[in-house]
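Here's the letter readout for the chains.
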Amino acid sequence: RAGREMEGSGSGVASSVVADGSLVLWTLCSVLLPVLLTLWCSVRRSRRQLLRRDIFGKSEHDWRYTDLFGQPSYCCVCAQHILQGAFCSCCGLRVSEGCLRAADRRFPCKEIVLRSEAGPRGSMRHRWIRGNVPLCSLCLVCGQQCGTQPKLCDYRCVWCQYTVHDECMMDSLKTEECTFGEFRDLIIPPYYLSAINQMRKDKRANYEEVVPYCRKHWMPVIILANTRSGNNMGETLLGEFKILLNPVQVFDLSKITPAKALQLCTLLPCNAVRVLVCGGDGTVGWVLDAIDEMKIKGQERFIPQVAILPLGTGNDLSNTLGWGAGYAGEVPVEQILRNVMEADGIKLDRWKVQVTNKGYYNLRKPKVFTMNNYFSIGPDALMALNFHAHREKTPSLFSSRIINKAVYFFYGTKDCLVQECKDLNKKVELELDGERIELPNLEGIIVLNIGYWGGGCRLWEGMGDEPYPLARHDDGLLEVVGVHGSFHCAQIQVKLANPVRLGQAHTVRLILKSSKMPMQVDGEPWAQGPCTVTITHKTHALMLYHSGEQTDDEASSMSEQDHMREQTDEDV
């Protein structure tokens, strides 16, 4: 009996050990299996990424990653739905991940320069790509809508953007000369660049000989996009412009400077080039500085006219020239190019701002800035200074136009309570064209070159309920106003108050006698000690004005200015 008890207890212990072991084993499996699966997936993912990067780097296509959730599309090689793959931002070709190498071999990208064997000089054939045509496109032959079937179907020319049904595609269309479509007057044809290259080899510089091979009213456009501006839409716009134009016309300013990009103007007809700057007012100023360098180099006959696509935070210069207060993708890229073609040329005054530190006339060189929009000292410069200090610390947080304006609002509210710039009139002296101005009690002084200030406010006009001298951005005059503080600025922005109009002048001189004050030129702020600021006319910039739909404020402002002009004419 004792033996049977011992045997039973031994079997019980053994079974408990087995149960514990199986529990440990299942626990290890439940922990290790997900870890191993995660590691295996990450290794596979990294291998695919390395493979994609290798193919992207060696390919003539400008590949960008895409998947099912980005934009539903079909592979141009296997005709299957793309789950993971890539699209070319130049020609619009779309392929799945496994067909990348085959696509590189079968489908060449857009030709920047035409090969000698491609056809007669001054002409090009259509370059058709099958599938993934825009849903709103119409067939060139029958006029019916294309791309309506849920499969790889229909054709699109990568140059003229014309589309054709599969059943409407004829052999004559495959050999037909491409007209470059709606934007033929903006596109730089590959055969033009081929002819220019040949002339440079022959050491001939008379590029006007090549113009007849293009268009009678040819106005080639150059796109300069800052992918770091405002709401970070520059990357998307670059791809859309490359599809519609020649990729050689589209530049990313994070990879190439405006001065180098604008050298393309020297290969194009004189006084015909238009430049579209996609960025904020700071980017526009950067491009205009590069154009001034072209004047210094003796390239004045190649100076382009400049249009603006506002991607920044304030965009006051863009607003003044009729291009809007901010772009968020609400207007198709095709309409933007139409606006550039239809825009009128005007001039913009550019000003030299020289800051000479007090007591260091012989030891330090004066700081020199170029002003397009405005110069200020006081609360608005303080807000800009605080904003820039925090953006430099954490730039990733300032990627939205709404967030940027919210931060400006926060610092403006803070200054209403602290009033760091009070008694400015006791610290500075102001001279307009050599005449000293007696200042009332102020916290800020703003010198304006354009109509808009502070992200869309017509500062010089104020409420518009009292007469004021006419102001233009091409008359060689500056408008000088004073503000009583941040709260006064806010009242002016919502048309509840008028600014303190101090006068207009060709030359402005401001002397900061004591203490350190915030200053800014076109949104670039700094803290400045005792100094003398002198603002004089520098040059003119050739800009493009878009006379689109006017807002109620703009219409009323224009009617007021017309009424004042009529009164002035009657007095004369």
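Procedures and definitions
Throughout this description, residue numbers start from 1 for each chain and increase along the sequence as written. At least 70 in pLDDT is required for a residue's local features to be given in this predicted model, at least 80 for side-chain atom pairs to be given and counted, and no such filter applies to totals for whole chains, interfaces and linings, which use all residues. Heavy atoms throughout the structure, all of them, feed into the side-chain values; hydrogens and water do not. UniProt positions are given in the numbering used here, feature names are shortened, and annotations may be inferred rather than shown by experiment. One confidence number per residue, pLDDT, is output by the predictor and ranges from 0 to 100. Contacts: residue pairs with any heavy atoms within 4.5 Å of one another. The secondary structure listing takes helices from DSSP runs of H or I that are at least 4 residues long and strands from runs of E that are at least 2 residues long, numbered from the N terminus. Using a 1.4 Å probe on the protein chains alone, a residue whose accessible area is under 20% of its type maximum counts as buried, one over 50% counts as exposed, and one in between counts as partly exposed. Ring geometry is summarised as follows: Phe, Tyr and Trp rings, the Trp one being its six-membered ring, pair when their centres sit within 6.5 Å, and such pairs are stacked at plane angles under 30 degrees, edge-to-face over 60 and tilted between the two. Every angle, taken between N-to-C directions, lies between 0 and 180 degrees, and every axis is a line fitted to C-alpha atoms, over only the stretch in contact when it is a helix. Reported orientations rely on four angle classes, namely roughly parallel under 35 degrees, roughly antiparallel over 145, roughly perpendicular from 65 to 115, and oblique for the rest. What makes a crossing left-handed is the near helix being turned counterclockwise from the far one by less than a right angle; a clockwise turn instead makes it right-handed. Salt bridge criterion: a side-chain nitrogen from Lys or Arg within 4 Å of a carboxyl oxygen from Asp or Glu. Here the positive residues are Lys and Arg and the negative ones are Asp and Glu; neither His nor the chain ends is included. Here a polar contact is taken to be a pair of N or O atoms separated by no more than 3.5 Å, where protein atoms must pair a possible hydrogen donor with a possible acceptor and residues adjacent in sequence count only if both atoms sit in side chains. In this text, buried Ala, Val, Leu, Ile, Met, Phe, Trp, Tyr and Cys residues form a nonpolar core when linked through side-chain atoms within 4.5 Å. Delimitation of the domains relies on an automatic or database domain assignment. Residues qualify for a patch when their relative accessible area is over 30% and they have no salt bridge, like charges being joined within 9 Å and the nonpolar side chains of Val, Leu, Ile, Met, Phe, Trp and Tyr within 5 Å. Only the protein chains shown count as cover for residues, with accessible areas throughout obtained via the Shrake-Rupley method and a probe of 1.4 Å.

By the naming in an unreviewed UniProt entry, the protein chain goes by Diacylglycerol kinase and is assigned to Piaya cayana. Check the Sequence similarities (unreviewed entry) section of the UniProt entry for the protein chain; it says "Belongs to the eukaryotic diacylglycerol kinase family."

Trainee: Is there a simple way to explain the confidence of the model for the protein chain in this structure?
Mentor: Where the model shows low pLDDT, its predicted coordinates should not be examined in detail. Considering every residue of the protein chain, the mean pLDDT works out to 82; 81% of them sit at 70 or more. Below a pLDDT of 50 lies the segment residues 550-572, which in the model reaches 20 contacts outside its immediate sequence neighbourhood of four places, other chains included.

Trainee: Sorry, what's going on with unusual backbone geometry here?
Mentor: Residues apart from glycine generally show negative phi values, whereas peptide bonds are mostly found in trans. Phi is positive for Asp423, which is not a glycine, with a value near 60°. Checked against the element boundaries, Asp423 lands in the loop between α11 (401-418) and β14 (428-432). What makes Asp423 partly exposed here is its relative accessible area of 30%. In the Ramachandran plot, Asp522 falls in the positive-phi region, its phi being about 55° despite a non-glycine side chain.

Trainee: Is there a simple way to think about the packing of aromatic side chains in this case?
Mentor: Pairs of aromatic rings are described using the distance from one ring centre to the other and the angle between the two planes. Within the structure shown, the criterion is met by four aromatic pairs. On the basis of an interplanar angle of 70° and a centroid distance of 6.2 Å, the ring pair of Phe180 and Tyr191 is categorised as edge-to-face. Remark: Tyr191 occurs in helix α4 (residues 190-201) and Phe180 occurs in the loop between α3 (171-175) and α4; sequence separation between them is 11 residues. The class for Tyr191 is buried, based on a relative accessible area of 5%. Each ring, one from Tyr192 and one from Trp218, has its centre 4.9 Å from the other, and the planes form 65°; the classification is edge-to-face. In this pair, Tyr192 is assigned in helix α4 and Trp218 in the loop between α4 and β7 (221-225), connecting sequence segments 26 residues apart.

Trainee: It is not clear to me how the packing of helix α5 (residues 234-244) against helix α9 (residues 333-342) should be interpreted in this structure. Could you clarify?
Mentor: In helix packing, the relevant descriptors are the interaxial angle and the interaxial distance, both defined with respect to the helix axes. Axis separation between α5 and α9 bottoms out at 10 Å; the angle between their running directions is 70°. As summarised for this structure, α5 and α9 are arranged roughly perpendicular, according to the angle between their axes. Considering only the axes of α5 and α9, their crossing is right-handed. Across the interface between the two elements, Leu237, Glu240, Phe241 and Leu244 of α5 pack against Val333, Glu334, Ile336 and Leu337 of α9.

Trainee: Looking at this structure, I do not really get the UniProt feature "transmembrane region" (unreviewed entry) in the protein chain. What am I missing?
Mentor: The positions that UniProt labels "transmembrane region" (unreviewed entry) are, in the present scheme, residues 23-43. For residues 23-43, the helix share is 100%, the strand share is 0%, and the end-to-end C-alpha distance is 30 Å.

Trainee: Can you walk me through the pattern of salt bridges in this structure?
Mentor: Two side chains that carry opposite charge are able to pair once their charged atoms sit near each other. Per the stated rule, a full pass over the model turns up 13 salt bridges. A salt bridge links Asp292 to Lys295, with the nearest nitrogen and oxygen atoms 3.7 Å apart. Taken together, the residues span about one helical turn, with Asp292 and Lys295 both in helix α7 (residues 281-296) at a distance of three residues. Accessibility expressed as a relative area gives 10% for Asp292, which makes it buried. A relative accessible area of 24% places Lys295 in the partly exposed class. As a salt-bridge pair, Asp474 and Arg472 come within 2.9 Å of each other at their nearest N and O atoms. By relative accessible area, Arg472 is classed as partly exposed at 46%. Three or more residues are tied together by salt bridges with common partners; here these are Asp289, Asp292, Lys295, Arg350 and Lys538.

Trainee: Explanation requested: the side chain of Arg274 in the structure shown.
Mentor: Among the secondary structure elements, Arg274 is positioned in strand β9 (residues 274-279). Notably, Arg274 is buried but unbridged: the nearest opposite-charge side chain belongs to Asp344, and the N-O separation is 6.5 Å. At 3.2 Å, the side chain of Arg274 and the backbone oxygen of Ala343 are in polar contact. In contact with Arg274, not counting residues within four places along its chain, are Met219, Pro220, Val221, Ile222, Gln305, Val340, Met341, Ala343 and Leu544.

Trainee: Would you mind going over the nonpolar core with me for this structure?
Mentor: Most often, soluble globular proteins have nonpolar side chains that are buried together. Within the largest apolar cluster, 97 residues are counted, with the highest numbers of intra-cluster contacts made by Phe241 and Leu276. With six residues, the top contributor of residues to this core is α7. For this core, the two domains that each supply at least three residues are domain 1 (51-110) and domain 2 (219-342). When neighbours within four sequence positions are excluded, Leu276 is seen to be in contact with Val221, Ile222, Ile223, Leu224, Phe241, Ala307, Ile308, Leu309, Ile336 and Val340. One finds Met371, Phe375, Leu424 and Val447 within the second-largest nonpolar core, a separate group that totals 32 residues.

Trainee: Whenever I open this one, a nonpolar patch on the surface confuses me. Can you help?
Mentor: Taken together, Val24, Leu28, Val31, Leu32, Val35, Leu36 and Leu39 make up a surface patch of nonpolar side chains, about 630 Å² in accessible area. Looking at the element boundaries, Leu28 is found in helix α1 (residues 2-58).

Trainee: Mind showing me how you'd approach the side chain of Asn373 here?
Mentor: Note that Asn373 resides in the loop between β12 (367-371) and β13 (374-377). Of note is the side chain of Asn373, whose polar atom sits 3.0 Å from the side chain of Asp281. Dropping the residues within four chain positions of it, Asn373 is found in contact with Asp281, Leu317, Val447, Leu448, Asn449, Ile450 and Asp522.

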